[in-house]
Amino acid sequence: MEAATETAAGHGKVTFIGAGPGAADLITLRGARAIGEADIVIWASSLVQEEILQHAKPGAEIVDSAALPIEGVLPYYEKAAAEGLRVARVHSGDPALWGAVQEQLDRARELGLDVEIVPGVSAFSAVAALAQRELTIPQVAQSVILTRLEGGKTPMPSGESIRAFAAHGTTMAVFLSAARSGQLAAELLAGGYAPETPVIVASRATWPDEELAHCTVATLEETVKARKLWKHTLFLVGPALAAHGTRSHLYHPGHFHGHRRADPAARVRLRAGGTASGATSSGTTATPGEAQQAALPDPK
């Protein structure tokens, strides 16, 4: 094949592609193009919609890895290295998160294969989009913790636990934990989240049969069990999921950057810690001296 001939000089190539959380049209243009260039497409039918295969070229070898351990996938990498072929290894979500990619990268490099990673939409950002929520709200939460409940099939490193992370009180995305929802809720409470802290529970986000439920830490367990959610379920937790009324500096008229000048009076109010609406509590305007000071950049 022409593609194989072109790639032979590079000893073959494996591209790890993030296909997103489910919906086939959430793959990136770069990911779709890499599938279209591949001689072998390896995908998991249990995690990726079959529609993704529409990007594969005629004659490409299609391999369903749903029932394969890594030992079942490695022969295709060996074949690519021997024949100078291109492999598209399609992962759900983003390969950087719980994708078992590193061990494959190591083996591919040992075989002399060129490697590339194409990022994808992670389930946590897809769920935030479905719920129409921002996860980082000014004055409420400016960090997002991505983790899972300890005690599962893969051991957690020392120092990483739901309880410890909950102490930060910020937004948390919890993967791979629905089968132990009671333990998850107990650890969230023990770590410091209030019982009324909002929770979004999402199952099979962006798939045709997706489910989205709003509850609290106190009602998390009963919500999961009532809906019989055990697999492919993600939790978003934190006060940002219900916050309103705060304002980012990014689009404040008093904020400036390389493409926009700040309004001097608004700059004074912003640096003085004015109200979210941009008006001073007294309703007064800035003096000429204040306006001149506001036009100057921060000394930081």
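Residues numbered from 1 in each chain as written. Predicted model: local features only at pLDDT ≥ 70, side-chain atom pairs only at ≥ 80, totals over all residues. Heavy atoms only, no water.

Draft legend 1. Summary view of the nonpolar core. M172, L188, L220 and F235 are the most contacted members of the largest nonpolar core, which totals 22 residues. Mapped onto this core, the elements with two or more residues apiece are α6 (162-166), β7 (171-175), α7 (181-191), β8 (198-203), β9 (211-216), α8 (220-227) and β10 (233-237). With sequence-adjacent residues up to four places away left out, L188 is seen in contact with I162, A166, M172, Y193, V217, L220 and V237. Counting 18 residues, the second largest nonpolar core, distinct from the first, contains A24, W43, A88 and V118. (Core = buried A, V, L, I, M, F, W, Y, C linked by side-chain atoms within 4.5 Å. Buried < 20%, exposed > 50% of the residue type's maximum accessible area, 1.4 Å probe, protein only. Helix = DSSP H or I, 4+ residues; strand = E, 2+ residues; numbered from the N terminus. Contact = heavy atoms within 4.5 Å.)

Draft legend 2. Spotlight on a nonpolar patch on the surface. Side chains of W98, V144, L146 and L176 sit close together on the surface and give an oily, nonpolar patch of about 350 Å² of accessible area. L146 gets classed as partly exposed once you look at its relative accessible area, which sits at 31%. (Patch = residues over 30% accessible without salt bridge, like charges linked within 9 Å, V, L, I, M, F, W, Y side chains within 5 Å. Areas by Shrake-Rupley, 256 points an atom, 1.4 Å probe, with all protein chains shown as cover. Salt bridge = Lys/Arg side-chain N within 4 Å of Asp/Glu carboxyl O.)

Draft legend 3. Layout of helix α5 (residues 123-131). Regarding α5, the residues found buried are F124, A126, V127, A128 and A131. In this fold, the buried residues of α5 make contact with β6 (144-148), β7, β8, β9 and β10. One or two positions beyond α5, positive phi appears at Q132, with a value near 55 degrees.

Draft legend 4. Structural context of the pattern of salt bridges. Enumeration according to the criterion identifies 9 salt bridges in this entry. Residue E61 pairs with K79 through a salt bridge whose shortest N-O separation is 3.2 Å. With a gap of 18 residues between them, E61 in strand β3 (residues 61-64) and K79 in helix α3 (residues 70-83) connect regions that are remote in the sequence. For K79, a relative accessible area of 31% puts it in the partly exposed group. Residues participating in the shared-partner salt-bridge network are E78, R107 and E110.

Draft legend 5. Highlighting the side chain of T233. When you line up the elements, T233 lands in strand β10. Since its relative accessible area comes to 6%, T233 is described here as buried. Setting aside chain neighbours within four positions, we find T233 in contact with V174, L176, A178, V201, A202 and S203.

Draft legend 6. Up close: the packing of aromatic side chains. Throughout the structure, instances matching the rule amount to 2 aromatic pairs. Considering the side-chain rings of F16 and Y77, the 6.4 Å spacing of their centres and the 80 degrees angle between planes classify their relative orientation as edge-to-face. Here F16, found in strand β1 (residues 13-18), pairs with Y77, found in helix α3; they are 61 residues apart in sequence, far enough to count as distant. We note that F16, like Y77, is buried. Summarising the aromatic geometry, the rings of W98 and F175 are spaced 4.5 Å apart at their centres and angled 40 degrees between planes, so their arrangement reads as tilted. Taken as a pair, W98 in the loop between β4 (86-91) and α4 (102-110) and F175 in strand β7 lie far apart in primary sequence, 77 residues in all. In this structure F175 comes out as buried when scored by relative accessible area, which is 11%. (Phe/Tyr/Trp six-rings, centres within 6.5 Å; stacked < 30°, edge-to-face > 60°.)

Draft legend 7. Structural detail: a negative patch on the surface. A cluster of acidic residues, D25, E50, E51 and D64, forms a negative patch on the protein surface. The residue E51 is located in the loop between β2 (40-43) and β3 in this model. For E51, a relative accessible area of 47% gives the class partly exposed. (Lys, Arg positive; Asp, Glu negative; His and termini not counted. Charge placed at Lys NZ, Arg CZ, Asp CG, Glu CD.)

Draft legend 8. Highlighting the sheet that holds β1. If you walk across this open sheet you meet the 5 strands as β3-β2-β4-β1-β5, and the pairing is parallel. Looking at the sheet topology across the chains shown, the edges are occupied by β3 and β5 (114-118). Neighbouring strand axes in the sheet, compared pairwise and without regard to direction, differ in orientation by 15 degrees on average. Pairing analysis gives 5 bridges linking β1 to β5, with the strands arranged parallel. (Pairing = 2+ DSSP bridges. Axes fitted to C-alpha atoms, helices over the stretch in contact; angles between N-to-C directions.)

Draft legend 9. Representation of the sheet that holds β7. With mixed pairing, 5 strands are arranged side by side in an open sheet as β6-β7-β10-β8-β9. Two strands in the sheet have a free side with no partner beyond their single neighbour: β6 and β9. Ignoring strand direction, the axes of neighbouring strands in this sheet form an average angle of 20 degrees. Inspection of the sheet shows β7 paired to β10 by 3 bridges, in the antiparallel sense. Looking across to β10, one finds that V174 is bridged to F235. Along the sheet face, α8 touches β8, β9 and β10 and points at about 155 degrees away from the line of β9.

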